[in-house]
Amino acid sequence: MNIINARLRKREGLFTLVLQDGKINQITGQAASRKAGPDELDAEGGLAIAPLVEPHIHLDATLTAGEPAWNMSGTLFEGIERWGQRKATITHEDTKRRALATIGMLRDHGIQHVRTHVDVTDPSLAALRALLEVKQESRHLLDLQIVAFPQEGIESFPNGRALMTQAIELGADVVGGIPHFENTRDQGVSSVKFLMELAERTGCLVDVHCDETDDPQSRFLEVLAEEARVRDMGARVTASHTVAMGSYDNAYCYKLFRLLRQSGINFVSCPTESIHLQGRFDSWPKRRGVTRVAELDQAGMNVCFGQDSIKDPWYPLGNGNILRVLDAGLHICHMMGYDTLQRSLDFVTDNSARALNLGERYGLAPGRPANVVILDAENDYDAVCHQAKARISIRHGQVIMRRRPEQLEYPQA
Ligand code: FE2
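Description of the structure in this document.

About the criteria used
- Residues numbered from 1 in each chain as written.
- Predicted model: local features only at pLDDT ≥ 70, side-chain atom pairs only at ≥ 80, totals over all residues.
- Heavy atoms only, no water.
- Helix = DSSP H or I, 4+ residues; strand = E, 2+ residues; numbered from the N terminus.
- Rg over C-alpha atoms; globule rule 2.2 N^0.38 Å.
- Buried < 20%, exposed > 50% of the residue type's maximum accessible area, 1.4 Å probe, protein only.
- Contact = heavy atoms within 4.5 Å.
- Areas by Shrake-Rupley, 256 points an atom, 1.4 Å probe, with all protein chains shown as cover.
- Pairing = 2+ DSSP bridges.
- Donors = N, O, S within 2.8 Å, 3.2 Å for Na, K, Ca; no water.
- Tetrahedral: all angles 85-135°; square planar, octahedral: opposite > 155°, others 65-115°.
- Polar contact = N/O pair within 3.5 Å; in protein donor to acceptor, adjacent residues only side chain to side chain.
- Core = buried A, V, L, I, M, F, W, Y, C linked by side-chain atoms within 4.5 Å.
- Domains from an automatic or database assignment.

Along the backbone of the chain there are 13 helices and 16 strands. The C-alpha atoms of the chain give 21 Å as radius of gyration, which agrees with the globular expectation for 413 residues (22 Å, within 12%). Along the longest, intermediate and shortest principal axes, the C-alpha atoms of the chain span 65 × 55 × 50 Å. Out of the 413 residues in the chain, the part that is buried amounts to 57%. Within the chain, residue pairs in contact and separated by at least 24 positions form 75% of the contacts whose partners lie at least 6 positions apart. For the chain, the accessible area works out to roughly 17,800 Å², and carbon and sulfur atoms hold 50% of it.

Residue alternation in strand β13 (residues 302–305) divides its side chains into two sets, Asn302 and Cys304 and Val303 and Phe305, and both sets are buried. Across four bridges, the pairing between strand β12 (residues 266–269) and β13 is parallel. In the sheet register, serine 269 faces β13, and the bridge partner there is phenylalanine 305.

This next bit is on the coordination of the iron ion. For a metal with four tetrahedral donors the ideal donor-metal-donor angle is 109.5 degrees, whereas six octahedral donors ideally subtend 90 or 180 degrees. Only His56 (NE2), His58 (NE2), His209 (NE2) and Asp308 (OD) from the protein coordinate the iron ion, and they sit 2.2 to 2.4 Å from it. Coordination at the iron ion is irregular: its four donor atoms span angles of 85 to 179 degrees at the metal. Read N to C, the donor residues that coordinate the iron ion are spaced as H-x1-H-x150-H-x98-D. Of this pair, histidine 209 sits in strand β10 (residues 205–210) while aspartate 308 sits in the loop between β13 and α10 (322–332), and the two are 99 residues apart along the sequence. As far as the burial class goes, histidine 209 and aspartate 308 line up, both buried.

Turning to α10, a few remarks are in order. Judged by how many residues are buried, α10 sits mostly within the fold: nine of eleven residues are covered. Looking at α10, one finds that the buried residues are Ile322, Leu323, Val325, Leu326, Asp327, Ala328, Gly329, Leu330 and Ile332. For α10, the side-chain oxygen to backbone nitrogen distance between the N-cap and leucine 323 is 3.0 Å, and the N-cap itself is asparagine 321.

A few words on the nonpolar core. Judged by nonpolar contacts, the single largest core of 91 residues is most densely connected at Leu260, Phe267 and Leu375. Domain assignment of the residues forming this core places at least three in each of domain 1 (2–50 + 363–402) and domain 2 (53–361). Once you skip the residues sitting within four places of it in the chain, phenylalanine 267 turns out to touch Leu221, Thr238, Ala239, Thr242, Met245, Leu260, Leu296, Met301, Asn302, Val303 and Cys304. Listed in part, the 15 residues of the second largest apolar core include Leu8, Ile24, Ala370 and Val372.

Here is the structure:
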């Protein structure tokens, strides 16, 4: 199949993408727009991009908002209480049904690569077992990485270390952590050392919920970065949230950035979730409770945006559209300079793919998988400005989603 009349990011003109045997065979420029022949798909001047990426979501919790009761205060703490009520009724089929429904929402927005955290602070590892099945059953729609996520801690939860080890043995791809939630600073540090050792031994990637608190004394990012530096694992390590960095003073951050650069670790920010959950202990002025995304980016570090939640006890909104999160993130993180807007899709495509270590499995280039999304936009700026929708999603050379563009009518005109 050929995709014709496509625009490409950061390039002028129209292009033809030749797809063959599930791979991109070649990409050539067109002198002018032309009509589609047989076995050709007309992009109609839309922007062909590598699929959008969701680098941070909790598929085991999605679509549970309001069950059995709504989070009325909107706080993290009432969310934990509501989740505790919902958790009591969870079954294997329930987890699978909600995860697959959410994957359908992600598919509809052109997402084909997802990293989900799954709570493994459960002696039965029920959610993990369900998600491992979901991973297989949704392979035709997207690639799923599963993080063994110790929601209630590694050191401060009974058998936490054994559960993490067992989760990796069962097939989780990524080692998680939550050092700021451990009972003591020492436990937080030892949890990071433990999880890095586990990842190094098993060859797994790392993605830690790190310093997801407005507490400026929460400083586990330096521990994670130093462990990654010493073990030379930075490219395989991601620090998620790091919202305490939004409360660190500049003197500490100046020193921290030197280490972060040396470590080469990746960052995920979830701006809609963080702006909603953080800042809750402030009166006015209120902190944003978001990490220093623009500063990390400007310092040459890899940073991307994720959704975190879709309709769960902590965050009642969300529809799977990562471009909505990009829009919010650009606002919240002071990233609307024209030069940033022109490359804004980096934060939901290439940067995210790098954090997920997708390597040659990702990108529009000959020899890479024929995974292409056509956005209703001419370029990055246009995509954000008009809140573009994914019009067509192609995976392994096959169309898996096609959206009919909306049509407006003006009867009085
Ligand atoms: Fe999270």
